[in-house]
Amino acid sequence: MSSNNDAPLSSARGHAGGQPPNDAKIRLRDVRLSRGGRQVLHVDDLSLRRGEVSVVIGPNGSGKSTLLAALQLLVAPDSGELLLDGHSMRDDPLATRRRMASVFQEALLLSTGVRKNVETALGLHKVPRAERRERAERWLDRFGVAGLAERHARELSGGEAQRVSLARAFALEPEVLLLDEPFSALDAPTREALIDDFAQILGETEVTTVLITHDRDEALRLADSVVVLIDGDVRQVGPPAEVFGAPADEAVAAFVGVENVWPATLLRADRGVATYRLDACSDCELDVAAADPPKHALFAIRPEEITLAAIAEPRVEEQPTSARNHLPATVRGVQAAGPVVRVQLGAGSDGNIPVVVTLTRPSLEDLAIDVGSLVTITFKATAAHVIDHE
């Protein structure tokens, strides 16, 4: 049987949610940017807090890289304001750029030695010559590549090159660090090791960071705040636990991996718990913790929040668990998905409610289920979420 973990999703550094403008290092107001007659970025008001890691996620073509290019002053919005510490970034673009450092998917190193790459960047930022080598060596060592200082950049592996690129950026001691999918081109072991080191260094320096990624795991591991961009619009901003556990709309839910979303109608609400009937299943009633539940909603639950129990004949009312929600289901498919297994089910008395559950391989083996097996799905009211569907 899979475990049901009530602990909330957490970020690497765990700051509280909320984004008051007076604590904003970066703020975008009424920003609009179009290309070829199509609006590619539309931000009414977005504040990125000082000293925090803001991770921008969204599907391909959602405007993530355009947003970062605007912050780098590489593209100019058609309208709106980009503010750094409350002042327009475009009042003095050169001075603004000197307060920032950027890291891209490709390392983009100079065709010279590793240490020279870092020292050259420092020279362009007017760092005194006597200080350049000390900074270069300190940050190369911090990223674990001090031993490569004399090597030519062209001789580096992809992971080594990206470590040098990050060392170069941190050596500049920027107020703002801007990163465009810096880990996406790396193999899995190299990527995991670099992200671990990067997360630790972010915690030590507390530099204001904006990270663009399409990888949900990166957002969960690194973000203090997650910004969801879809079709150029900011759909949701909040701590990782909030965005991944309580998505604001159906599109956000789909992107952050909330695969179980069912239209439902409110039956009753009492003391913070709402009971819904699924529209496609007249005898499927489910509870959710909700203070102000909408009449018509999308009832949502993450695949990993559902527990399965294998039984010969499902008898929902007799399940020995503290979870409030139980539904009989039939296994429709079992698919390997990396370190986990996706189990596809048809739930409800008619089996017409599509459900996806993720299990570890040992959990699947313990259950001894296969296509056609009868099971009970179980989850807690606190693990579910409703999206207003009026």
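Refer to the structure presented above.
Cut-offs applied
- Residues numbered from 1 in each chain as written.
- Predicted model: local features only at pLDDT ≥ 70, side-chain atom pairs only at ≥ 80, totals over all residues.
- Heavy atoms only, no water.
- Buried < 20%, exposed > 50% of the residue type's maximum accessible area, 1.4 Å probe, protein only.
- Helix = DSSP H or I, 4+ residues; strand = E, 2+ residues; numbered from the N terminus.
- Pairing = 2+ DSSP bridges.
- Axes fitted to C-alpha atoms, helices over the stretch in contact; angles between N-to-C directions.
- Salt bridge = Lys/Arg side-chain N within 4 Å of Asp/Glu carboxyl O.
- Parallel < 35°, antiparallel > 145°, perpendicular 65-115°, else oblique.
- Left-handed = near helix turned anticlockwise from the far one by under 90°.
- Contact = heavy atoms within 4.5 Å.
- Nonpolar A, V, L, I, M, F, W, Y, C, P; charged D, E, K, R; others polar.

K.L.:
Before we move on, can you summarise the pairing of strand β9 (residues 225–230) with the specific residues and values?
P.N.:
Most of β9 sits inside the fold, with six of its six residues counted as buried. Side-chain alternation along β9 places S225, V227 and L229 on one buried face and V226, V228 and I230 on a second face that is also buried. Alignment of strand β3 (residues 53–57) against β9, held across four bridges, turns out to be parallel. The residue bridging V55 from the neighbouring strand is V226, located in β9. When β9 meets strand β10 (residues 233–238), the two strands line up antiparallel, connected through five bridges. Residue pairing for β10: I230 is matched across the bridge by D233.

K.L.:
Tell me about the sheet that holds strand β17 (residues 340–347), and name the residues and values.
P.N.:
Strand order in the open sheet formed by five strands is β15-β19-β16-β17-β18, with antiparallel pairing between adjacent strands. For this open sheet the edge positions go to β15 (307–310) and β18 (353–360), each flanked by a neighbour on one side alone. The mean inter-strand angle of the sheet, taken between neighbouring strand axes irrespective of direction, is 45 degrees. In this structure, β15 lies alongside strand β19 (residues 374–379), joined through four bridges in antiparallel fashion. Bridge pairing in β19 places A309 opposite T376.

K.L.:
Account for the pattern of salt bridges, with residues named and values stated.
P.N.:
Pairing is possible between side chains of opposite charge, provided their charged atoms come close. This structure, assessed with the given rule, holds 31 salt bridges. With a shortest N-O distance of 2.6 Å, E175 and K25 are connected by a salt bridge. With E175 in the loop between α5 (158–171) and β7 (176–180) and K25 in strand β1 (residues 24–35), this pair connects stretches of sequence that are 150 residues apart. One connected set of salt bridges, linked through shared partners, spans R191, E192, D196, D215, E218 and R221.

K.L.:
Could you give me a rundown of the packing of helix α4 (residues 129–142) against α5, with the residues and numbers involved?
P.N.:
One can describe the packing of α4 onto α5 by two numbers: an axis separation of 9 Å at closest approach and a directional angle of 135 degrees. If you check the angle between α4 and α5, you find them oblique. For α4 against α5, the interelement crossing comes out right-handed. Facing R135, W139 and L140 of α4, the residues of α5 in contact are V164, A167, F170 and A171. Tallied by class, the residues present in the contact of α4 with α5 amount to six nonpolar, no polar and one charged.

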